[in-house]
Each structure stands twice: as structure tokens, then as C-alpha cells.
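Secondary and tertiary structure notes
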Amino acid sequence: MSESDATIERLTREEYRYGFVTDIEQDTVPPGLSEEVVRLISAKKKEPEWLLEWRLKAYARFCELLADEADPTWAMVDYPKINYQDIIYYSAPKSIKELGSLDEVDPELLSTYKKLGISLEEQKRISGVKVAVDAVFDSVSVATTYKDELEKQGILFCSFSEAVHKYPDLVKRYLGSVVPYSDNFFACLNSAVFTDGSFAYIPKGVRCPMELSTYFRINAAGTGQFERTLIVAEEGAYVSYLEGCTAPMRDENQLHAAVVELVALDDAEIKYSTVQNWYPGDKDGKGGIYNFVTKRGACRGKRSKISWTQVETGSAITWKYPSCLLLGEGSIGEFYSVALTNNYQQADTGTKMIHIGKNTRSTIISKGIAAGHGQQSYRGLVRMGPKAHGARNYSQCDSLLLGDRCGAHTFPYLEVKNDSATVEHEATTSKIGEDQLFYCRQRGLSEEDAISMIVNGFCKEVLRELPMEFAVEAQNLLGISLEGSVG
Amino acid sequence: MSTLGFREAFEALVPDAAAPAWLGDLRREAFQHFEAAGFPTRRQEAWRYTNVSAIAETTFELGSDAGEDASVTRAVNGAAFGETAATLVFVDGRFAPDLSRTLPEVATSLSVSWAGGSTGRPGPLGELVDPKLHPFAALNTAFLCDAARIEVPQNVTLEKPIHLIFVATPGARRVHHPRILVGARASSRATVVADFVSASPEVSFCNAVTEIEVGPGANLDFVLCQRETSPTFHVSNLAARVDRDARLATHTLCLGGNLVRNDLQVRLVAEGAECRMNGLYLGTDRERIDNYTEVCHEAPHGTSAELYKGILAGSSHGVFRGRVIVAPDAQKTDARQQNPNLLLGAGAEVNSRPQLEIRADDVKCSHGSTVGRLDEEAIFYLRSRGVGTEHARTMLGQAFAAEIVDAVPDQGLRDALLALITARLWTTGEAS
Amino acid sequence: MTTPLLELRDVHANAGETPILKGVNLTLHAGEVHALMGPNGSGKSTLASVLCGRPSFSVTSGEILFEGKDLLALQPEIRAREGIFMAFQYPVEIPGVPNNHFLRTALNAIRRHQGQPEVDAFDFLALCREKMAQVEMPEDLMKRSINEGFSGGEKKRNEVLQMLLLEPKLAVLDETDSGLDIDALRCVAEGVNSLRSPERGMLVITHYQRLLDSIIPDVVHVLSDGRIVRSGDRSLALELEEKGYGWLEEAAGAAPA
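The rules behind each value
- Residues numbered from 1 in each chain as written.
- Chains lettered and ligands numbered in written order.
- Predicted model: local features only at pLDDT ≥ 70, side-chain atom pairs only at ≥ 80, totals over all residues.
- Heavy atoms only, no water.
- Pairing = 2+ DSSP bridges.
- Helix = DSSP H or I, 4+ residues; strand = E, 2+ residues; numbered from the N terminus.
- Contact = heavy atoms within 4.5 Å.
- Axes fitted to C-alpha atoms, helices over the stretch in contact; angles between N-to-C directions.
- Buried < 20%, exposed > 50% of the residue type's maximum accessible area, 1.4 Å probe, protein only.
- Arc of directions from axis to C-beta.
- Buried area = accessible area lost by both parts, 1.4 Å probe.
- Salt bridge = Lys/Arg side-chain N within 4 Å of Asp/Glu carboxyl O.
- Polar contact = N/O pair within 3.5 Å; in protein donor to acceptor, adjacent residues only side chain to side chain.
- Nonpolar A, V, L, I, M, F, W, Y, C, P; charged D, E, K, R; others polar.
- pLDDT = per-residue confidence, 0-100.
- Phe/Tyr/Trp six-rings, centres within 6.5 Å; stacked < 30°, edge-to-face > 60°.
- Parallel < 35°, antiparallel > 145°, perpendicular 65-115°, else oblique.
- Left-handed = near helix turned anticlockwise from the far one by under 90°.
- Expected span 1.5 Å × (residues − 1).

**Looking at the sheet that holds strand β4 (residues 57-66) of chain C**
Residue and element names in this part refer to chain C.
- Read from one edge of the open sheet, 4 strands run β2-β1-β4-β5, paired in antiparallel fashion. Strands at the two margins of the open sheet, each flanked by one partner only, are β2 (18-28) and β5 (69-70).
- Of the pairings in the sheet, the one linking strand β1 (residues 6-15) to β4 comprises 8 bridges and is antiparallel in character. Looking at the pairing, E7 lines up with L65 of β4.
- Where helix α1 (residues 44-52) meets the sheet, it contacts β1, β2 and β4, and its direction lies at approximately 65 degrees from that of β4.

**Examining helix α4 (residues 70-79) of chain B**
Residues and elements named next belong to chain B.
- Among the residues of α4, those classed as buried are S71, V72, A75, V76 and A79. Taken end-on, α4 shows its buried residues confined to a sector of 140 degrees, consistent with a single buried face. The exposed set on the far side of α4, more than 90 degrees from its buried face, consists of A70, R74, N77 and G78.
- Those residues of α4 that are buried are in contact with β2 (86-91), β6 (162-167) and β9 (189-196).

**Description of the interface of chain C and chain A**
- Of the residues lining the interface, 32 residues belong to chain C; the matching set on chain A comes to 20 residues.
- Interface of chain C and chain A: buried area, both sides summed, is about 2200 Å²; carbon and sulfur atoms make up 63% of it.
- On inspection of chain C and its partner chain A, the count reaches 3 salt bridges.
- Where chain C packs against chain A, one counts 12 residue pairs in polar contact (both at pLDDT 80 or more).
- Where the side of chain C that touches chain A is concerned, the elements lending two or more residues are α2 (76-82), β6 (84-87), β7 (94-98), α3 (99-113) and α5 (152-166) of chain C.
- With 6 residues, the top contributor of residues to the side of chain C that touches chain A is α3 of chain C.
- Here the side of chain C that touches chain A is composed, by residue class, of 20 nonpolar, 7 polar and 5 charged.

**Comments concerning the arrangement of the chains**
- Sorting the 2 pairs of chains in contact by contact count puts chains A and B at the top.
- Between chain B and chain C there is no contact; the minimum C-alpha to C-alpha separation amounts to 15 Å.

**Describing the pairing of β2 of chain C**
All names here are of chain C.
- One ladder, built from 8 bridges, connects β1 with β2; its direction is antiparallel. Directly across from V11, in β2, lies its bridge partner V24.
- Here β1 folds back onto β2 in antiparallel fashion, the turn holding 2 residues, of which G16 has a positive phi close to 65 degrees.

**Structural notes on unusual backbone geometry**
Residues and elements named next belong to chain A.
- A positive phi is found at E69, a non-glycine position, where the angle reads about 50 degrees.
- Examined against the element boundaries, E69 turns out to sit in the loop between α3 (49-67) and β2 (91-93).
- Despite not being glycine, N343 shows a phi value in the positive range, around 45 degrees.
- Among the structural elements, N343 can be located in the loop between β17 (332-341) and β18 (346-355).
- Residue classification places N343 among the buried residues on the basis of a relative accessible area of 19%.

**Digging into the confidence of the model for chain A**
- Residue-level pLDDT values for chain A average 85, and 91% of them are 70 or greater.
- Overall, residues 483-487 of chain A carries pLDDT values under 50, and its contacts beyond four positions in sequence, including any with other chains, amount to 13 contacts.

**Description of the environment of R286 of chain B**
All names here are of chain B.
- Looking at the element boundaries, R286 is found in the loop between β15 (274-283) and β16 (288-297).
- Residue R286 is classed as exposed on the basis of its relative accessible area, which comes to 67%.
- Remark: the alpha-carbon pair of R286 and F400, spanning 114 residues in sequence, is separated by 21 Å.
- In this structure, R286 is in contact with N258, S315 and S316, ignoring residues within four places of it in sequence.

**Thoughts on the packing of aromatic side chains**
Residue and element names in this part refer to chain A.
- Inspection of the entire model under this criterion finds 39 aromatic pairs over all chains.
- Each ring, one from W74 and one from Y321, has its centre 5.7 Å from the other, and the planes form 50 degrees; the classification is tilted. Highlighted residues: W74 in the loop between α3 and β2 and Y321 in the loop between β15 (317-320) and β16 (323-326), separated in sequence by 247 residues.
- Relative to Y290, the ring of Y79 lies with its centre 5.3 Å away and its plane at 50 degrees, an arrangement referred to as tilted. Placement of the pair is Y79 in the loop between α3 and β2 and Y290 in strand β13 (residues 288-299), with a sequence separation of 211 residues. You'll find Y79 and Y290 in the same group, each marked buried.

**Considering the packing of helix α2 (residues 35-44) of chain A against α3 of chain A**
Residue and element names in this part refer to chain A.
- Running from N to C, α2 and α3 point in directions that differ by 155 degrees, and their axes come no closer than 10 Å. In terms of axis orientation, α2 runs roughly antiparallel to α3. Crossing of α2 against α3: the hand is right-handed. Of the residues in α3, those touching α2 at E35, V38, R39, I41 and S42 are L52, R55, L56 and Y59.

**Some thoughts on the side chain of T145 of chain A**
- Checked against the element boundaries, T145 of chain A lands in the loop between β4 (140-144) and α5 (147-151).
- At 2.7 Å, the side chain of T145 of chain A and the backbone nitrogen of V133 of chain A are in polar contact.

**Quick word on α3 of chain A**
Residues and elements named next belong to chain A.
- The terminal C-alpha atoms of α3 lie 27 Å apart, and with 19 residues this matches the ideal 27 Å at 1.5 Å per residue to within 8%.
- Among all positions of α3, only L51, L52, W54, R55, L56, A58, Y59, F62 and L65 are buried.
- Looking at the buried positions of α3, the neighbouring elements they touch are α2, α6 (160-166), α8 (185-193) and β8 (228-233).
- Downstream of α3 by a residue or two, E69 has a phi angle that is positive, lying close to 50 degrees.

**With respect to the pattern of salt bridges**
- For the structure shown, the criterion picks out 66 salt bridges over all chains.
- Among the ionic pairs, E77 of chain C bridges to R441 of chain A, the shortest N-O distance being 2.6 Å. Pair noted here: E77 of chain C is in helix α2 and R441 of chain A is in helix α9 (residues 434-442), and the two residues belong to different chains. The same class applies to E77 of chain C and to R441 of chain A, which are both buried.
- Between R443 of chain A and E159 of chain C there is a salt bridge whose closest N-O contact spans 2.6 Å. With R443 of chain A in the loop between α9 and α10 (447-463) and E159 of chain C in helix α5, this residue pair bridges two chains. You'll find R443 of chain A and E159 of chain C in the same group, each marked buried.
- Salt bridges sharing partners connect three or more residues here, namely E136, D183, R186 and E190 of chain C.

**A word on the sheet that holds strand β11 (residues 219-224) of chain C**
Residues and elements named next belong to chain C.
- With mixed pairing, the 6 strands of this open sheet are ordered in space as β6-β9-β10-β3-β11-β12. Strand pairing shows two members of the sheet lacking a second neighbour, β6 and β12 (227-232), which therefore form its edges. Between one strand axis and the next, the sheet turns by 20 degrees as a mean value, whatever way the strands run.
- For β11 and β12, the ladder comprises 5 bridges, and the chain directions are antiparallel. Note on β12: the bridge partner recorded for V220 is G232.

Structure, rendered in C-alpha cells:
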């Protein structure tokens, strides 16, 4: 092993920093999946009949898929079959009563989020930037900040459960309209048993004055987290939304199967950023979250824009393809991704850009970093439909290998049915350059700093798409695996 | 989809009198594999974009190779492109000595070897293409009754190419199963052209298998030229093994056929092995052309460079899937892959799927894939100089194809290919 | 006598497995500029690589002392922090890492090591502007990624700029003049000359005499087949220019082993 390999090995063995458990009394249903459980979740949420029916349809379909063993096997990830009867489908802190003011939130929960670096207090953060937070703890939302201030501008931001009661028409109109309950195996499971999530609605012409965010925390052992996020931007509206996730360190794997639906109407723009830091398992590959997520945005309006930015450093297994349906003429889809797999982590991630409307455009920038025994796959579909005249796509997928036992794979799918469409795809795979490392060291930088600097440079095109606050967090996260801060 | 139609033909096939005993076992075993697997369906990832039910639903007949046929002779003469080291013609999969000129010991046929009393199983036969993975290859082996056999001895350089011509006799729904075996021994150098032509305007099915071994330090150019003019189903499986410091260049030219599927698999098994894979697919009307290539870097310091270009006019459909696999020990691999496509028709469609699977860390790999149309500015420029639109389009199409044609190692063949490409582009230009 | 800044004692070194240096002796005192000349393949770049500790080059026997300390025991970055700077013949490109960020990190790493206070962003910017003007480098190059998309001349100016900023005790210039036009060459030479001082040493490796018209060396060494076969004053360089390297073969035969 060369000297730099030894450094990489040392750097990539940093411990997970968010692995603590909050000791709090939980209201938990026994493990197992059945129609009763679906009904129970719906009852606990006091849901209207139509939603229960929708869940039951999804449940019936999921049972069929399960009987057909239709769980997806095409991804380049390897894990034992999941027993869906072993999972707990609902677990919530007992202290949660009605969703009320922030003062009523259990101090234990507040301190949990504080420890995670998330402020649930409605005051300006040190940086001076306001961020509205919806905090989801296991199966429920425990607090949402700045709701009132946002409502003054007509912006609706609350937990999904609350939205079902307060804005049933909006939820009914858009739920499942981008990701139907039958869309795929995991989306189907989610549709049957989802417990909470976030809802945001930006009315016509409004530019959301602050970042909206949801912070997901898995706490209870043996539970799965199945949340659902729905964001609708009306004509000319703009919103930037952030999502973060962590979980305790446990030896068994836990399932997280979320669904995110975005809808952008004429001239609307949604920027959706994720910093995913679920527990990745230990250095021998034991434990960690299975992150099987369906995210899709529909650019329904003319000149609408949906932009996905993700930094994926956590999870034992990631299976995730945030996608854009480009329906509106001149609409734009973007996907910026950094995925880092270390130790025994596996990631099969990418995007789908489905060009349907005229002059639609999409950009894909994917940066994969594989270290340790990590396996990393980019899988992306670019489809130009027969009516996508003048549509354009540009994709670039670069992989960086750190160490000699990892793997990086690239699977683009380009399907073009229109002769005026233009598609360009480029991909490279390389090892972190010995020459680059030496150059930095000759200028006095330590090898750790040099690697960290080169990795951050490699990811720069993606990191700069993140809102400022998240960019710092993302850099730090990359740093946790590859040494602390930069510079 | 049924494999039944082929069972009758399989049982009816009368083996060559001089054929060795092992052939029967090989064929029976292969047919069992074919029956067990059946025809591939679109549910299989490897066949996701190509539906072969039209082949499965047709009852094809094996030609009987009944002596001289004027149209066969015409087709064979039409394929000639200049001086060759040997020309071997196979009609309905069987060697046609009257139309051929062999180079004893180097370029001959299995049947000729058998007649000469040499009945051992030749080198790569059945070793490189796995009949369990490729039902069409299994079908080919099941109907194996002859094969082109090229053996370039150690240190020998053949200045002129070896020309292999495969044709079916005229008749309704003809099928033939060409088989090609190439062994380029250590430090030899040769060019082999496998040419597929039509002798009649009727529907036919050509199901070819090629197995190539390139020995240490050898240098082989292999041209796969599909220029059938009739409505043809063409399925080809090519597998090659490239040894230490050896080089293999394949040139795949898909210039005809209603449904064409090429599988090309190259294994670089020892240090310093190199392979170039050039390909051109030109589709018109409702033609479907599906190219799957796989290069497997199994040893350090290997190089692969792949360039497949597609021109799709009318409502044709092109598919490219290129896999580059770098095994854990294949350090210092340098692998490049490019797949540019040109769409010339409003109904034309292309699917491009380059894939990199990399398990070694000290490598340089890249791929690129583009889909676009002719540069309107360039067309306008040519028109402003007095060149007609159709002519301008043809010119630019030729220019796009030139990179692939220019790499073909024989001038006579290059000229023939260019003329064919021009003719096809010209017709598509007029049609649109 | 004072401790030399740099001392090589019978240095044998390999590039990979191949022996290149076959017993190099050299003593360079602070305040001196030495030129190292020699034909292609004589081992000039290997010597530079060995001085700054490039992996894949190994010293098989002999010693290298920097200010009397064993240089070979030090990691490349420690050598840099001790004050050894190499201007690379082929500076690498590092996509995504801005030049200014990189340089400030390097400067502060060196300053920390030498017990000096770190330079903040504002002071660094001012310092940078001053030095950039000196090498006539456009300011936007500082914001761009390290050497990415730089022309050959810009890369070499960037090397000299880094040298001016980092103020090393020993600067090793590895064929910094190769591939430069007259303007860039003048710039490089001016930069180097401005750094000349009694406490600083320089080793200028070059294939051509022309650089030595502007950077006037105190000592000229001729390297051939891994050994220094002749040393002399500036006139030796002129002699080489006139006669070429052809005569070296005989000289090499006569040189002490």
C-alpha cells in the first residue's frame, strides 16, 4: 500500500457524529404490516376517508408486488431480502399532543435537535439567515417554525398530517399526482404506511423569503421511516427547500422509504437540496440505514424549473433517483449530486430527466467518490420524447477512486425519439492523482489537507448549488470522512 | 415464442459424411441450450430495446446449397474489392469451393480439413461464446456443419486481407448460420473481412458466430461488414480473447438489414493487450440496429478505445450499449469509449447506454455519448456555396462516417463502403 | 566555516527501479545561486525530485543535508515548511481548487511551522496583488483553479508567483525556462533575481544557457550520466553554449568515480 493510500485509509475511518439515541417515551405499534396497521396509522392521524382508501389501494398493490417478489433487483446494490413483517410502522414520542406552539415541544426533543445543530427557536441564527424548519422525529412532525410569519404571505408550510386537515383540497389535488401510489415497490409501500412529512405551498407570484427545511431523525429501534413531502409552487412562485437526515448507530439495518413530490407551474422554480447523512453502518458494514427513496418533480408549467441538489454521504445503501418530468414548454430540470461511499456503503443513485415538452432543458452533474470497500453507481435516464423539439441535455458524471478496494460504475440510459433534440453525456473515472497530491505537499500542505482540498475541488460544481448554510455542512460532512474542515 | 420450427430443421439436418463424431455431441448440446433458453424477450435487460419476436414467429428454411446459382455468383462478384490473400465463400453456411480461393493451412474451411482427414476440434470453436448466455449462438452451433477457419502462423504477416463472403441461396425465408474461427498466433499480423451479402430480395435470417484468438504480440484487424440488401434479420455474436501485448481492431459496419443485433465481447486477458472497436450503424426506413459491445480488462496496462457512430434516418431505431469492465487487478487500464449519434429523420430514435464498471483504482476511463442532428450552419454554408441541400446533407453524413471508414485497413474496401454509405444517405436525403 | 544551506554527499538515486544519480556531490551556501546544466537524461530532474521528496524516486545511498539536518528523513510537506521550494517543470492542474485558496493554505502551513502568525484573507490579498504585479500576472488567475486552463507561460509565472509568496530558503527551479517566450522568460528571471539575498540559496536547473544571461549564477555544475563532471564559474555555461554537450562523454570517462 502506498503512503497516500495509507492516509486515505486513516482519513476514511472517522466515526459517525450523530449516532446518539434520545431517551424518550414512545408510542409504538408492534412490528408487522397488515391492513390493520394501515388503518391504525390512518386512525392515529384522524385522516379523512378518502386518504384511508388511497392507502388501502396502495397496500393492496404492495401485497401483489410482494407476492410477485417484485422488489427492484436491477440496482447494483447487494443486501439480504427485507422482511416487511419485522418493521415497526409507527413510533412517535408520547409527549406529542396536538400540534401547537413551539413552547409545548418536549425539551428533550429540543435538545436532541440542538445536538444535531438544528435550531427550533424562531430567532435569527448566527449567520443572520432565517430558516423555517419542520422537524420530523420517527413517525411524526414534532415542530414547525416560522409558520405564522410565512402564512402572512400566503405560504403554507406545515407537517403533512396538519396539511391533510387544514388544506385537504390541495393535498387531495396533488397527492400521488407526480408519484402515483403504484409507481414502484417502495413508493407503493410508502403510500400505504406513510406517517408524516412536510407540506409546502407557495402561492402565485410569491418568492418565499426564507429557506424552508425539514429535518428527519430516526430515533426508535426497529422502526422504518416513511415520510412524504409535497411541495407546490404556483405560477411565478419560488422556493428553496432543504432536507437533512440523521439516525443513531445501531447494529441492525433500518429502512427509510420516502416519497417526495414537487409541482411547479408556469414560471415557478423549486430548488430542492438534500444533505443525507443517515447512519452509514460501521467500518465492517454492520448496521446502517437502507435509504430507498422516490423523488420526482413535475415541471408542469411553461418555463418552470426544478433543481435537485444532493449530497449523499450517509446510509448503508442508497437507492435514489430524483427526477424531473419536463412537461411545460421551455421548462428546466437540474440534478447536482455528490455521493460518497466509504467502508462497505453502497450507492446506486442518479436521476431521470424525461423531456416531454418543446425546448426543455436539463443538466446533470454527478460526482461519485468511492473509498474503502464502497461501491458507487451512477444510473441516469435521459429520455427525449417524440414532441420534445429542440430539447437539450448535458450530463457529466465523474468518479474519483480513493483506495484500491472500491468500485465506481456509470450507467447512463439515453433514449432519444426526436431528431431535433441534443443529448450530450460525458463520464470519467480516475484515481486521486499522485502528482496533484505531491504538488500540494511540495507547497507545505499536509497530505490530509491536500486530499480534502482535492476532493472538495472535485465536488465544487455541485457544492456551489447548495444554499450557503448547507454548503458548509456538506463540506464538513465530506470532511468527516476525509478529514475535518478545509483550509 | 416457439423454438419448435427449428427442432424439425435440426432433426432433418444431415451431417457432412466426413464430419467427426464430436460434432454431433456439440450440436445436440447446443440445441438443448437453445431450447431451454428460448428466444430472448424484452424483459431481459440485454434485449430491452430489441424485440426479436419477428424472428421467433417466422419459420425459416435452411438452404440446400444445390449447386451453382447465378444470383449467388452475382452477389459474390459484387462483393469483391481488390486483391486478397484468400477469398472464401460460404453459401447457406457451407463452403463453396468453386467460388473460393483458399490459402492452404491459413485460410480454409472446416469441411475441407475434414475431407483432408484432419478431424480434431479446432482451437477456439465453442470456447469463447457461451451458448448458455447467448441463445442465438447456441442455435448457430446446433446447425454447425462447416466454418471458415483462419490460422495465421507465428511471425507471419499477411499483406493482403482474407475475404470471407457469406450468402444464402435465393428462396423464401432462408436462414443460414455462418461460423468464423480465427487464430492469430504469436507476433502474426493479418486482416480478415467477414462480408455478409444478399443474393435475393426475399426475407432471410443470418445468424453468425465468430470466435477470435489473438496470440501474444499478434496484430489482427477484423472487419464485420453487414451489407445485405434484402429484408434481413441479422444476428451476430463475436467473442475474442486478446493475449499479452497483442492488438485487436474490430470494424463493425452495419449498412443493411431490417433487424440487426450484434454482440461483441472482447477480453483483454494479459498485460499490455489492446483493443480498438470501431463501429458504424446506418439505419433507414424502419430498420432496427442494436449493437452491444463489452470489453473486459482482466490484466494490467490494457488499453481499449471504442468509437461507435450512428446515423439514423427515416424511422429507424439505433441502440448502442457499450460496457467497459475493469477487473480489480487490471491497474493502469486506459479505457475510452465514444458514441456519437446523428438523427436524420423525424421518426428516428436512438438509445445509447455506455456503461463503466470499474473495480480497480489506478485507471483512466471515460465515455461520452451524444445525440444530435446535422449542423444547420454547416448545411447553410455549403448551400451558400451552391451545393444543393440533399447533397450537403449527404456530404456531412459522409464526413460523420469518414472517421470509421478511414480506419478500415483496405483501400478497395474503403472505397466500396464509402460508395454504399453515400448511396444510402442520398436515398434518405431524397426521402425526407 | 558556516554550515552550508544544502549539501549532497555521494548521492545515488533511482527513478522507480532505474539508477539515475550515481554519486552526486554538491555544496551550496546561503547567498549563492548555482546552475545545474546537462544534456537530456543526465539526471537533472531526478536531482530536483529527490530534493523535494517526490514519491517513486528513492535515494539508495549517500546523504542530503539541509542546514545541517538530514533532509531525507523529512516528508515532502515538512521539507517545504523548512523552506525548500520547487518550481515544477510540469505544474499539475487541480480542477476545482482556487489558486488563492490553495496558496493561502500553503503559506499559513509554512508560517505555522516556522512559528510565525498566520496571514488573514485581507493581508493575503494585498500581498498577492503586490507579487502578481511583479510577475505581470492577470488577477483573475488567482480565482481560477490551480493551473487549470493556464497557458504554458501562465503556469510558469504562477510557479514564480508562488515562490515569491512563500519566500523559501532554497529555491529549486526545474527547467522553469523551457517553453517560454522572451517576455515570460524576462518575467521569470526578474522574479528570481528579486528573491536573491544573502540568506537564500538557489539551484537553477536548465538545459539552455540563455536563462543564465539574466540569472547570473555563482557556480555552474555540469551533470552527465548521474554525476557532476565539471564545476566552474559562469564562463563554463558560455563554454557549454559554444561547444554543446558532445565533449562530455570523454570528460565522463575521465571523471573520478
